[in-house]
Every structure is written in C-alpha cells, then in structure tokens.
Amino acid sequence: MKQKVPISTIMSTNVVKLNVSDDLTKAEMLFKKHHIRHIPVVSSNKIVGMLSYTDLLRISFADAVDEDEDEIDTTVYNMFTVEQVMAKKLVTVSPDTTIKEAAEILATKEFHALPVCEGNLLVGIVTTTDLIKYLIDQY
C-alpha cells in the first residue's frame, strides 16, 4: 500500500455546504437530496462548523423513518439555528495531509468527516466512506 498519498487524491471537492445563516430545514433537505451525512458550515467560504445528520436527529426525529419523504416538519427546526446545532470545535486537514494521517484522526475521534482546508478556506471534505473506498481499491 502506498505510504505518502495525499488526502487530496480521495477527497470530495464538489462539497455541499451550508451558510451559517441557513436554517435547519434547508440542512435536512440537503442531507436527503444528496444522500450525505456531513455538511460543512461556512461563512464567506471560511469553515466555521460541521453539521451532521446525527446532529439533526438529536434535536428531532428528522423524518428518520422515511428518508425519501419530501415534506419536512419545521416545528422543531424553527427553535434552533444551524450555529446552535453544528459542531464548532473542528479538526481540519490540509490537502497535503496523507491518507494515513487522516485515517488515524478519524479512527481516534468521535466523528466521521474531516473538512479539508487551505488556511480557513474550505476546499474539500473526506469521510470514512472515502477512506473505505480507497482501501477497497487497493485490493
């Protein structure tokens, strides 16, 4: 297996993101539409947080029973902002971080996605799914 492969080779660069001023209804719609579990939150493309689908589940049922449901009950979402629900203490990596280093971070932390940044600017995201797909390709 290659040792020094940068995360930039497997990260997603077409990142679905939320603006810090967006609402949780939009967040749920994006999770369902794109079949994703993590959305970076930005302010002027600078990373300020990460929202996971699990974060939404903590505050509501988030239509968890039927993910194909287009109707979203906004009652609970109107009580919170994206900023209140998102994770603010982020671990980020640079595009030059090796896949091994990113895997070590994800293996020891309680989250499953890492924003990839150049300085504070979001340039991509890498998830545990990206890492698993990479490992499968190695065999």
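Since the model is a prediction, treat every value here as computed from it, not as a measurement.

**A closer look at the layout of surface pockets**
The space that makes up the largest pocket amounts to roughly 370 Å³. Lining the largest pocket are 20 residues, with Ser52, Asp55, Ala87, Glu110 and Phe111 sitting closest to its centre. Secondary-structure elements contributing two or more residues to the lining of the largest pocket are strand E3 (46-52), helix H2 (53-59) and strand E4 (113-118). Partitioned by chemical class, the residues of the lining of the largest pocket number 11 nonpolar, four polar and five charged. Taken as a whole, the second largest pocket encloses approximately 320 Å³ of empty space. Around the second largest pocket, the lining is made up of 17 residues, and of these Ser12, Ile36, His38, Ile125 and Thr127 lie nearest the centre. Tallied by class, the residues present in the lining of the second largest pocket amount to five nonpolar, nine polar and three charged.

**With respect to the pairing of E4**
Along any regular strand, the residues point their side chains to alternate faces of the sheet. Of all six residues in E4, five are buried, a share of seventy percent or more. Pairing of E4 with strand E5 (residues 121-127), which is carried by six bridges, proceeds in the antiparallel orientation. Across the sheet, the residue bridging to proline 115 is isoleucine 125, located in E5. From the end of E4 to the start of E5, which pair antiparallel, there are two residues, and glycine 119 there has a positive phi angle of about 70°.

**Description of the environment of valine 41**
You can see valine 41 is positioned in strand E2 (residues 38-43). In the structure, valine 41 is positioned 25 residues away from valine 16 in sequence and 9.3 Å away in space, judged by C-alpha atoms. Not counting the four nearest positions on each side in its chain, valine 41 is found in contact with Leu18, Asn19, Val20, Lys46, Ile47, Val48, Gly49, Met50, Leu51, Val82 and Met86.

**Remarks on the environment of lysine 46**
As for its position among the elements, lysine 46 is in strand E3. In this structure, the C-alpha to C-alpha distance between lysine 46 and leucine 122, residues 76 residues apart in sequence, is 6.0 Å. Setting aside its immediate chain neighbours within four residues, lysine 46 contacts Val41, Asn120 and Leu121.

Reading the values: the criteria
- Residues numbered from 1 in each chain as written.
- Predicted model: local features only at pLDDT ≥ 70, side-chain atom pairs only at ≥ 80, totals over all residues.
- Heavy atoms only, no water.
- 1 Å grid on protein atoms, 1.4 Å probe; cavity = no way out; pocket = protein on both sides within 12 Å on 5 of 7 lines; lining within 4 Å.
- Points joined across faces, edges and corners; volume = space filled by probe spheres on them.
- Helix = DSSP H or I, 4+ residues; strand = E, 2+ residues; numbered from the N terminus.
- Nonpolar A, V, L, I, M, F, W, Y, C, P; charged D, E, K, R; others polar.
- Buried < 20%, exposed > 50% of the residue type's maximum accessible area, 1.4 Å probe, protein only.
- Pairing = 2+ DSSP bridges.
- Contact = heavy atoms within 4.5 Å.

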